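Residue-level structural notes
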Amino acid sequence: MAFVLLPHQAPHWKAIKHTLTHVLDERLTIFQLISHLDCVENLTHFGELTDHLLDDLPRRKTFFNLGSFLCGLSSNELHHFQNSILPFLLRCVIDLEHLCPEYLLCSRTQKEYDTFVPFHLVTAVIACAFLCLLRTRWNSVSPFDEVNFTKFFERLTDTRFNHGQKLFSLITYFDHCRQSTVTNAPAVLHVIRRHLSVHFVNGYVSGNCLVSAAPQEASPFWLFPDLLACLPICHPLEEFEALWVDHYRGPFLPKQTVSDYTLKWRRLAIMNSSNLPCWASDRQFLESYVLDEVMKATAALFGLGLSNLTRVCG
């Protein structure tokens, strides 16, 4: 059983879809947009609407800072977001139910797996996370704000977190996906989960990139947004596990045009060693040594040279 439900798998999908379609069809003010997004988030995660007097007002304020961000855009940037980016995201979510992508969300019973995800599904999953529409199961070890952008939006206007720059890069990514015409065989994200002889001390696949104050360039998940799809696709890593990701696109930088022909294909091995006792003098406890061991084990597992790997320590 997957630990994340896609929007069309939620009990109130008809009401959610109706609201998303309304947002898509109507020309809404920023306040109306934020109110509707909050309504949909409430339906997704709690299955009910608020019965408060001010029913149209956002209840949990997840998207308040997104509204502030949109208000700060130039007229051309706002027009582009409202008339190009947002409709594209909404269509990605609405159309997802017809693409039968249930196989994307791997079950905890699958200790090892290979998943090939076409880029249009990668983008759709990230769109769901961006609109906070991924629902975690009641017994999941991860709350919904670990796979959705809830915490990211909460800190969007806090300059200490550099989230504005990251959001501009994500908009660049969505804009590229909207216009991309790539249909060749490598146009898939390849995610591999394997059992390795390494101890993982933190299971979050991205190293909590959605809440980190680190600059954009410090995390590959913001330079290469395809990797954000790994958050809902892959349940948190348990000990002695690692992820291997092939064919992710990028880098995407704020307000920079990207062409299908200039993107490079990349390969990534992911582990997390943030809590390792790096102060220890014994070589086996050094972070660099553990990373080297992961690189060697991963390269050996797939029969590749170390030069083909990118290191990530979350």
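Note: the structure precedes this text.
Let me sum up the structure you'll find in this document. (Residues numbered from 1 in each chain as written. Predicted model: local features only at pLDDT ≥ 70, side-chain atom pairs only at ≥ 80, totals over all residues. Heavy atoms only, no water.)

1. Quick word on the overall build of the protein
- From N to C terminus, the protein includes 10 helices and 7 strands.
- Within the span of the protein, comprising 314 residues, buried residues form 52% of the whole.
- In the protein, the share of contacts with a sequence separation of at least 24, taken over all contacts with a separation of at least 6, comes to 73%.
- Per element, the accessible surface of the protein, about 14,600 Å² overall, is 54% carbon and sulfur. (Helix = DSSP H or I, 4+ residues; strand = E, 2+ residues; numbered from the N terminus. Buried < 20%, exposed > 50% of the residue type's maximum accessible area, 1.4 Å probe, protein only. Contact = heavy atoms within 4.5 Å. Areas by Shrake-Rupley, 256 points an atom, 1.4 Å probe, with all protein chains shown as cover.)

2. Notes on the packing of helix H2 (residues 30-46) against helix H3 (residues 64-71)
- For the pair H2 and H3, interaxial distance at closest approach is 10 Å and the crossing angle is 155 degrees. By the angle between their directions, the pair H2 and H3 is classed as roughly antiparallel. For H2 against H3, the interelement crossing comes out right-handed. Contact with H2, carried on its side by Ile30, Leu33, Ile34 and Leu37, involves Phe64, Leu66, Gly67, Leu70 and Cys71 of H3 and no other residues of that element.
- Residues belonging to the contact of H2 with H3 are distributed by class as follows: 8 nonpolar, 1 polar and no charged. (Axes fitted to C-alpha atoms, helices over the stretch in contact; angles between N-to-C directions. Parallel < 35°, antiparallel > 145°, perpendicular 65-115°, else oblique. Left-handed = near helix turned anticlockwise from the far one by under 90°. Nonpolar A, V, L, I, M, F, W, Y, C, P; charged D, E, K, R; others polar.)

3. Some points on unusual backbone geometry
- Put simply, Gly250 and Pro251 share a cis peptide bond, and its omega is 5 degrees.
- For Pro251, the location among the structural elements is in the loop between strand S5 (241-248) and strand S6 (266-271).
- Here the phi dihedral of Cys132 falls at roughly 60 degrees; this positive angle occurs in a residue that is not glycine.
- Assignment of secondary structure puts Cys132 in the loop between helix H5 (119-130) and strand S3 (135-136).
- The exposure class assigned to Cys132 is buried, which follows from its relative accessible area of 0%.
- Non-glycine residue Asn162 carries a positive phi angle of around 55 degrees.
- Note that Asn162 resides in the loop between helix H6 (150-154) and helix H7 (163-179).

4. Re the pattern of salt bridges
- Summed over all chains, the structure comprises 4 salt bridges.
- Between Arg178 and Asp175 there is a salt bridge, and its shortest N-O distance comes to 2.7 Å. A residue pair is termed a helical-turn pair when its members lie 3 or 4 positions apart in one helix, as Arg178 and Asp175 do in helix H7 at 3 residues.
- Overall, the relative accessible area of 18% leaves Asp175 in the buried class.
- In this structure, Asp226 engages Arg249 in a salt bridge whose closest nitrogen and oxygen atoms are separated by 2.7 Å. (Salt bridge = Lys/Arg side-chain N within 4 Å of Asp/Glu carboxyl O.)

5. Notes on the environment of Arg266
- Looking at where Arg266 falls in the secondary structure, it is placed in strand S6.
- The class of Arg266 is partly exposed, set by a relative accessible area of 23%.
- When the C-alpha atoms of Arg266 and His247 are compared, they prove to be 5.3 Å apart, with 19 residues separating the residues in sequence.
- Ignoring any residue separated from it by four or fewer positions in sequence, one finds Arg266 in contact with Phe224, Val245, Asp246, His247, Tyr248, Gly250 and Pro251.

6. A short note on the layout of surface pockets
- Of the pockets and cavities examined, the largest pocket occupies roughly 380 Å³.
- His80, Ile171, Thr172, Asp175 and Lys255 are the residues nearest the centre of the largest pocket, which is lined by 19 residues in total.
- For the lining of the largest pocket, the elements supplying multiple residues, two or more each, are helix H4 (75-95) and H7.
- The element that contributes the greatest number of residues to the lining of the largest pocket is H7, accounting for 6 residues.
- Classifying every residue of the lining of the largest pocket gives 6 nonpolar, 9 polar and 4 charged. (1 Å grid on protein atoms, 1.4 Å probe; cavity = no way out; pocket = protein on both sides within 12 Å on 5 of 7 lines; lining within 4 Å. Points joined across faces, edges and corners; volume = space filled by probe spheres on them.)

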